[in-house]
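Residue strings, one per chain:
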Amino acid sequence: MSVARVKPEISRIVGVEVWFCSVDDLNSVDHEQVRSLLSSDEQARNRRFLVDHPRHLHAAAYALARHAIGRRLGLPPAELRFGRAPGGRPFLAHPRGMLDFNLAHGGGLAVCALADGCRVGIDVEPADRPELSLELLDGLLAPGERDRVTARQGSARQEALVGLWVGKEAVAKAHGGGLSLPLDRLVVPEGDGPVTMTAVAGALPPVWRLHRLRPDRRHRMALALALAPDAPAAISFHDATQVFRGHRPPAASAGPA
Ligand SMILES: CC(C)(COP(=O)(O)OP(=O)(O)OC[C@H]1O[C@@H](n2cnc3c(N)ncnc32)[C@H](O)[C@@H]1OP(=O)(O)O)[C@@H](O)C(=O)NCCC(=O)NCCS
């Protein structure tokens, strides 16, 4: 699988935006409004969710994508068209260009990350996600990563596990190969830092970067960029909940954790 579809130019600053929306802070009128921003295909897909919470998360993620990409490109959100690569990764089919994006939903948050000049991956999970365990991630962690978890106890241990998992998923989603990648050989840092990609054939550049973001106290988020650690990038973080809540003006952007 090629991961070089979007190539940064030398010394160009890569613009990265991370948008999130807390669906628990929206009421039923807001949810309807959010759904109305989706294309008819997206709305049809959205109707297939039988349970309210995942349906709201799915709608909010695509509404975020339309809002954020439209704003970035100066286009009406309804003009955008999304496609889906064979592994399931969504991409901007119209207009084609340098802009890459990725979506995630976890806990109460829908998230969309955009990068103008490199591949981007995003993941979010509740900080205490109880289903995640060392047994569940058996074979997906490097020995040093497993040690990082077992050195801790109680909630700190669970948070370390969640931190590892969102980091790995963000990298896997930037690539597009998902859980088919050799995740035990993609070692993610605890904080911001480099991720060596040499275990993945064709991954360029050979070292990517991971950023940790903290949207609130309850969630952990990781952003992966297929971009050399020393390449210039400008990352901004935006809470769009207010945008979708009665369509009041957007909240001021917050900073990375
Ligand atoms: C891709 C994957 C990591 C997503 O993880 P998740 O925790 O279930 O879900 P998240 O909330 O983080 O992200 C879901 C979104 O990621 C995006 N996505 C789906 N497949 C993707 C992929 N291969 N790469 C990047 N993003 C992907 C989609 O936008 C999806 O939301 P949508 O279906 O509403 O459009 C996971 O579903 C996966 O790998 N599944 C196993 C299937 C697999 O291994 N396939 C092998 C080839 S991908």
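Structure: above.
A short tour of the structure in this document, coming up. (Residues numbered from 1 in each chain as written. Predicted model: local features only at pLDDT ≥ 70, side-chain atom pairs only at ≥ 80, totals over all residues. Heavy atoms only, no water.)

1. Observations regarding the overall build of the chain
Within the chain, the secondary structure is distributed over 6 helices and 10 strands. Computed over its C-alpha atoms, the radius of gyration of the chain comes to 18 Å, within 12% of the 18 Å expected for a compact globule of 257 residues. Overall size of the chain, expressed as C-alpha extent along the three principal axes, is 50 × 45 × 35 Å. Counting all 257 residues of the chain, 51% fall into the buried class. Split by element, the accessible area of the chain, about 11700 Å² in all, is 54% carbon and sulfur. Averaged over its 32 positive side-chain charges, the chain has a centre that lies 4 Å from the centre of its 28 negative ones. (Helix = DSSP H or I, 4+ residues; strand = E, 2+ residues; numbered from the N terminus. Rg over C-alpha atoms; globule rule 2.2 N^0.38 Å. Buried < 20%, exposed > 50% of the residue type's maximum accessible area, 1.4 Å probe, protein only. Areas by Shrake-Rupley, 256 points an atom, 1.4 Å probe, with all protein chains shown as cover. Lys, Arg positive; Asp, Glu negative; His and termini not counted. Charge placed at Lys NZ, Arg CZ, Asp CG, Glu CD.)

2. A word on the environment of Pro95
Topologically, Pro95 is positioned in the loop between strand 3 (90-94) and strand 4 (99-106). Residue classification places Pro95 among the partly exposed residues on the basis of a relative accessible area of 24%. In this structure the C-alpha to C-alpha distance between Pro95 and Leu75, which are 20 residues apart in sequence, comes to 9.6 Å. Excluding residues that lie within four positions of it along the chain, Pro95 makes contacts with Leu73, Leu75 and Leu80. (Contact = heavy atoms within 4.5 Å.)

3. Structural notes on the packing of aromatic side chains
Scanning the model with the defined rule gives 3 aromatic pairs in all. Ring centres of Phe20 and Phe237 lie 5.2 Å apart, and the angle between their planes is 40 degrees; this geometry places the pair in the tilted category. Residue Phe20 is located in strand 1 (residues 14-22), and its partner Phe237 is located in strand 10 (residues 233-239); the two are separated by 217 residues in the primary sequence. Of the residues examined, Phe20 reaches a relative accessible area of 6% and is grouped as buried. By relative accessible area, Phe237 is classed as buried at 2%. (Phe/Tyr/Trp six-rings, centres within 6.5 Å; stacked < 30°, edge-to-face > 60°.)

4. What to know about the sheet that holds strand 5 (residues 109-116)
Spatial ordering of the open sheet is given by 4-5-1-10, a layout of 4 strands whose pairing is mixed. A strand with exactly one partner marks an edge of an open sheet, and here the two such strands are strand 4 and strand 10. Averaged over all neighbouring strand pairs, the angle between strand axes comes to 15 degrees, with direction disregarded. By the bridge criterion, 8 bridges tie strand 4 to strand 5 in an arrangement that is antiparallel. The residue of strand 5 that forms the bridge with His105 is Ala110. Of the strands in this sheet, strand 1, strand 4, strand 5 and strand 10 touch helix 3 (residues 52-73), which is tilted by about 30 degrees from strand 5. (Pairing = 2+ DSSP bridges. Axes fitted to C-alpha atoms, helices over the stretch in contact; angles between N-to-C directions.)

5. Description of the packing of helix 1 (residues 28-36) against helix 3
Two elements in contact, helix 1 and helix 3, have axes separated by 8 Å at closest approach and are oriented at 50 degrees. Between helix 1 and helix 3, the angle is such that the two are oblique. Along this stretch, helix 1 crosses helix 3, giving a crossing that reads as left-handed. Of the residues in helix 3, those touching helix 1 at His31, Val34 and Arg35 are Arg55, His56, Ala59, Ala60 and Ala63. Here the contact of helix 1 with helix 3 is built from residues that sort into 4 nonpolar, 2 polar and 2 charged. (Parallel < 35°, antiparallel > 145°, perpendicular 65-115°, else oblique. Left-handed = near helix turned anticlockwise from the far one by under 90°. Nonpolar A, V, L, I, M, F, W, Y, C, P; charged D, E, K, R; others polar.)

6. Some details on the pattern of salt bridges
Side-chain pairs of opposite charge can arise where the charged atoms are in close proximity. All told, the structure shown has 15 salt bridges when counted by the stated rule. In this structure, Asp52 engages Arg55 in a salt bridge whose closest nitrogen and oxygen atoms are separated by 2.6 Å. Residue Asp52 and its partner Arg55 are both found in helix 3; the two are separated by 3 residues, about one turn of the helix. Relative accessible area serves as the criterion here: at 45%, Asp52 is assigned to the partly exposed category. By relative accessible area, which is 16% here, Arg55 ends up buried. Its salt-bridge partner being Arg89, residue Asp100 comes within 2.8 Å of it at the nearest N-O pair. Taken together, the positions of Asp100 in strand 4 and Arg89 in the loop between strand 2 (81-84) and strand 3 put the pair 11 residues apart, joining distant regions of the chain. In this structure, Asp100 and Arg89 share a single accessibility class: buried. Each of Arg12, Glu17, Arg71, Arg72 and Asp116 takes part in salt bridges that share partners, so that together they form one network. (Salt bridge = Lys/Arg side-chain N within 4 Å of Asp/Glu carboxyl O.)

7. A short note on the side chain of Glu17
Relative to the helices and strands, Glu17 resides in strand 1. Polar contacts involving the side chain of Glu17 include one to the side chain of Trp19, which spans 2.8 Å. Look past the residues within four positions of Glu17 in its chain and what remains in contact with it is Ala68, Arg71, Arg72, Cys112, Ala113, Leu114, Ser236 and His238. (Polar contact = N/O pair within 3.5 Å; in protein donor to acceptor, adjacent residues only side chain to side chain.)

Keep in mind these numbers describe shape, not what the thing actually does.
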